[in-house]
Amino acid sequence: MERAHIIVQLVHIQGPFRGKIQEFTQDRILIGRHPSCDLQFPPDLAVVSRRHAEIVREGNRFKLIDQSANGTFVNGKRVKEGYLRDGDVLTIAQGGPKVSFLTQVSDTPLGEKAQEETSPPQMHQVPEPTPTPQAPSPPSPPHPTPVRDTSQVSYKEAKVNLVIQFGPTLRSFDKVPVTMGKGPACQFQIDHPSLLDRHAEIFYVEGQYWIKDLTGRHLVSINGNPIDLGAPLNPDDILSLTPEGPAFKFLGGGRLLEVEIDAQSPQPSHSNSGEPLEEAPQRKKKKMHQWERQGPFFQNT
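Keep in mind that this is a model prediction, so the values were computed, not measured.

## Examining the sheet that holds strand β3 (residues 28-32)
Phase 1 of the analysis: Spatial strand order, β4-β3-β5-β6-β9: 5 strands in an open sheet with mixed pairing. Of all strands in the sheet, those bounded by a partner on one side alone are β4 (39-40) and β9 (81-83).

Written out as structure tokens, the structure reads:
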């Protein structure tokens, strides 16, 4: 039987590389400060050993082997050796960097480019206004990403995996739809001043994950393009819940990881109807999330 082509993705959720995603295809990943390490931390990060730990592939499983003095922790528990599962959070020494462990099975041999790639959502061409001699035409409002009206898309509960990383926390769900917002009724609650209580919903239909805007104000966008009511998510899409964030990168396979957005990027100032949007409140100092106060970093719901 042909050996599966598996890509290991390490997502930095705390430490000097926070927000970065590193991918590895080799069978052995060395972690530490030494220049020979595959995941190399800065030399002045003394809490991390020069050769701190390694991740070794055994068949289609991956084993973590600690080689350090300060220890390596998986979901808060110190381990010497142990097999990893998707969504596990690795802490490199007590109080040190944190990375989440994810895997992705590739359909093509490693090193070869896939013949077919999923195309990002296409945009309608917005016709330029006809200039008049009296005055320049006003700018056209942003055109939403063309998608089907999700009110016409029949969807129900689907037993598929969904992993969302926000800040130092990952949460895992074994079914969708999952609502996102700052209200306590949401399955994924985010403490962010720009969000509404029920802001967005992720569901699964026709073999694909979708995002639905629940705001009625076209605040949710994909790759900078406001969506009308809902849109499918394609690998490498950047999903922004508001122009001020938070933003996530969709890695495929039901995995959303927080990314930083450029605060200087121009953002739409009008809704699809042409009415000005209310000014979003300024970003507040980051608070501890509710589920962080409740216990472990990785929870199954």
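## Some points on the pairing of strand β22 (residues 247-250)
Phase 1 of the analysis: Summarising the sheet, strand β21 (residues 238-240) and β22 pair through 3 bridges and their orientation is antiparallel. Bridge pairing in β22 links I238 to K249.
Phase 2 of the analysis: Connecting the antiparallel pair β21 and β22 is a turn made up of 6 residues, with G245 showing a positive phi of about 95°.
Phase 3 of the analysis: Two successive antiparallel strands, β22 and strand β23 (residues 255-259), enclose a turn made up of 4 residues, where G252 displays a positive phi of approximately 85°.

## Observations regarding unusual backbone geometry
Phase 1 of the analysis: With omega at 15°, the peptide bond leading from V176 into P177 counts as cis.
Phase 2 of the analysis: Structurally, P177 is set in the loop between β13 (169-173) and β14 (178-181).
Phase 3 of the analysis: Omega for the bond connecting G245 with P246 falls within 30 degrees of zero, at -5°, which places this linkage in the cis form.
Phase 4 of the analysis: Note on placement: P246 falls in the loop between β21 and β22.
Phase 5 of the analysis: Despite not being glycine, N75 has its phi angle at roughly 55°, a positive value.
Phase 6 of the analysis: By the secondary structure assignment, N75 is in the loop between β7 (72-74) and β8 (77-79).

## Here we look at empty space enclosed by the protein
Phase 1 of the analysis: Within the structure shown, the criterion is met by 2 cavities of 30 Å³ or more.
Phase 2 of the analysis: Empty space within the second largest cavity amounts to approximately 50 Å³.
Phase 3 of the analysis: Along its surface, the second largest cavity is lined by V11, H12, R18, G19, Q165, E258, V259 and E260.
Phase 4 of the analysis: Put simply, the parts of the chain that give the lining of the second largest cavity at least two residues each are β1 (5-14) and β23.
Phase 5 of the analysis: Of the residues belonging to the lining of the second largest cavity, the class tally is 2 nonpolar, 3 polar and 3 charged.
Phase 6 of the analysis: The two domains that each donate at least three residues to the lining of the second largest cavity are domain 1 (5-106) and domain 2 (162-259).

## Some words on the nonpolar core
Phase 1 of the analysis: Formed by 26 residues in total, the largest nonpolar core has its most connected members in I164, F188, I190, I202, I211, L241 and F248.
Phase 2 of the analysis: In this structure, I6, I31, F62 and V99 belong to the second largest nonpolar core, which totals 20 residues.

## Some thoughts on the environment of I202
Phase 1 of the analysis: Looking at the secondary structure, you find I202 in strand β16 (residues 200-205).
Phase 2 of the analysis: Looking at I202, the relative accessible area reads 1%, which means it is buried.
Phase 3 of the analysis: Each C-alpha atom, one on I202 and one on D213, is 9.2 Å from the other, the two residues being 11 residues apart in sequence.
Phase 4 of the analysis: Ignoring any residue separated from it by four or fewer positions in sequence, one finds I202 in contact with L162, I164, V176, P177, V178, M180, Y209, W210, I211 and L256.

## What about the sheet that holds β14?
Phase 1 of the analysis: As summarised here, the arrangement of the 5 strands in space is β15-β14-β16-β17-β20, forming an open sheet in which the pairing is mixed. Strand pairing shows two members of the sheet lacking a second neighbour, β15 (188-189) and β20 (230-232), which therefore form its edges.

Each value, and the rule that gives it
- Numbers given to residues run from 1 along each chain, matching the order in which its sequence is written.
- Local features in this predicted model are restricted to residues of pLDDT 70 or higher, and side-chain atom pairs are both shown and tallied only at a pLDDT of 80 or more, whereas totals for entire chains, interfaces and linings draw on every residue.
- Note that the side-chain values use all heavy atoms of the structure and ignore hydrogens as well as water.
- For two strands to be treated as a pair, DSSP must find no fewer than two bridges joining them.
- Segments assigned H or I by DSSP are reported as helices when at least four residues long, segments assigned E as strands when at least two residues long, and all are numbered from the N terminus.
- Here the term cavity refers to a set of points on a 1 Å grid, laid over the protein atoms alone, in which a 1.4 Å probe fits but cannot get out; the term pocket refers to an open set having protein on both sides within 12 Å along at least five of seven lines, with lining residues being those that place an atom within 4 Å of a point.
- Grid points are joined across faces, edges and corners, and a volume is the space filled by probe spheres set on the points.
- When residue character is reported, Ala, Val, Leu, Ile, Met, Phe, Trp, Tyr, Cys and Pro are called nonpolar, Asp, Glu, Lys and Arg charged, and the others, Gly included, polar.
- The domain limits used here are those given by an automatic or database domain assignment.
- In plain words, nonpolar cores are sets of buried Ala, Val, Leu, Ile, Met, Phe, Trp, Tyr and Cys residues tied together by side-chain atoms within 4.5 Å.
- Accessibility here uses a 1.4 Å probe with only protein chains present; expressed as a share of the type maximum, an area under 20% marks a residue as buried, one over 50% as exposed, and anything in between as partly exposed.
- Here, two residues are considered to be in contact whenever any of their heavy atoms come within 4.5 Å of each other.

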